[in-house]
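# Architecture at a glance
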Amino acid sequence: MIVLNIGLEFYSRLANRDKLQGDGKHTAAEFRDTYLSGLNNESVWKSNDPFIALDFSDVRKIGPSFANEAFAYFTKYASPQQILDKIKLVNISTVQRAIIEIELNTGYKKR
């Protein structure tokens, strides 16, 4: 299983859904395509084996639109709990986890 320190290897402020939001940099779509693209396949979701651990220790902020685009995108393949089993969230604050879980439970919303 890969362990990724998001704040150091990607960006510490996770707020932009796509290139049209904010400054258009460090987007959720870019994050998903770079680090989670291996999950964009229905067959991967047939097992609960962890795919990646995301370390949030250096993340200062995560916004709902980022969480929706990066994580809830996969609700087309799996339930929220299956997603959290496949994508382990470590060193994450209660608020950051709540934002992700809310977006997972409300499903993927395209812009």
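Preceding this section is the structure that the text describes.
First, a word on scope: everything that follows refers to the structure included in this document. As the structure is a computational prediction, the values presented were derived from the model and not from experiment.

Non-glycine residue His 26 carries a positive phi angle of around 50°. Relative to the assigned elements, His 26 resides in the loop between strand S2 (13-14) and helix H2 (28-35). For His 26, a relative accessible area of 25% translates into the label partly exposed. You will see that Asn 91, though not glycine, has its phi angle at about 50°, which is positive. Of note, Asn 91 is situated in the loop between strand S5 (87-90) and helix H5 (94-106). A residue is classified by how much of its surface remains accessible, and Asn 91, at 52% relative accessible area, is exposed.

Before going further, it helps to spend a moment on H2. Three or more residues of H2 are buried, namely Ala 28, Ala 29, Phe 31 and Arg 32. Taken down its axis, H2 places every buried residue within 160° of arc, on the same side. Packed against the buried residues of H2 are strand S1 (2-5), helix H1 (6-9), strand S3 (52-55) and helix H3 (64-70).

Evaluated as defined, the whole model comprises nine aromatic pairs. Ring geometry for Phe 31 and Tyr 35: centres 5.2 Å apart, planes at 45°, overall tilted. Pair noted here: Phe 31 and Tyr 35 are both in helix H2, with a separation of four residues, about one helical turn. Centroid distance Tyr 73 to Phe 74: 5.2 Å. Interplanar angle 90°. Geometry classified as edge-to-face. Judged by relative accessible area, Tyr 73 falls into the buried class, the value being 12%.

The strand order across the open sheet formed by three strands is S1-S3-S5, and the pairing between neighbours is parallel. Edge positions in the sheet fall to S1 and S5, since each has one partner strand and no second. Each neighbouring strand pair of the sheet contributes to a mean axis angle of 20°, computed without reference to strand direction. Strand direction decides the pairing type here: S3 and S5, joined by four bridges, are parallel. By the bridge assignment for S5, Leu 54 is matched with Leu 89.

Rules used throughout
- Residues numbered from 1 in each chain as written.
- Predicted model: local features only at pLDDT ≥ 70, side-chain atom pairs only at ≥ 80, totals over all residues.
- Heavy atoms only, no water.
- Helix = DSSP H or I, 4+ residues; strand = E, 2+ residues; numbered from the N terminus.
- Buried < 20%, exposed > 50% of the residue type's maximum accessible area, 1.4 Å probe, protein only.
- Arc of directions from axis to C-beta.
- Contact = heavy atoms within 4.5 Å.
- Phe/Tyr/Trp six-rings, centres within 6.5 Å; stacked < 30°, edge-to-face > 60°.
- Pairing = 2+ DSSP bridges.
- Axes fitted to C-alpha atoms, helices over the stretch in contact; angles between N-to-C directions.

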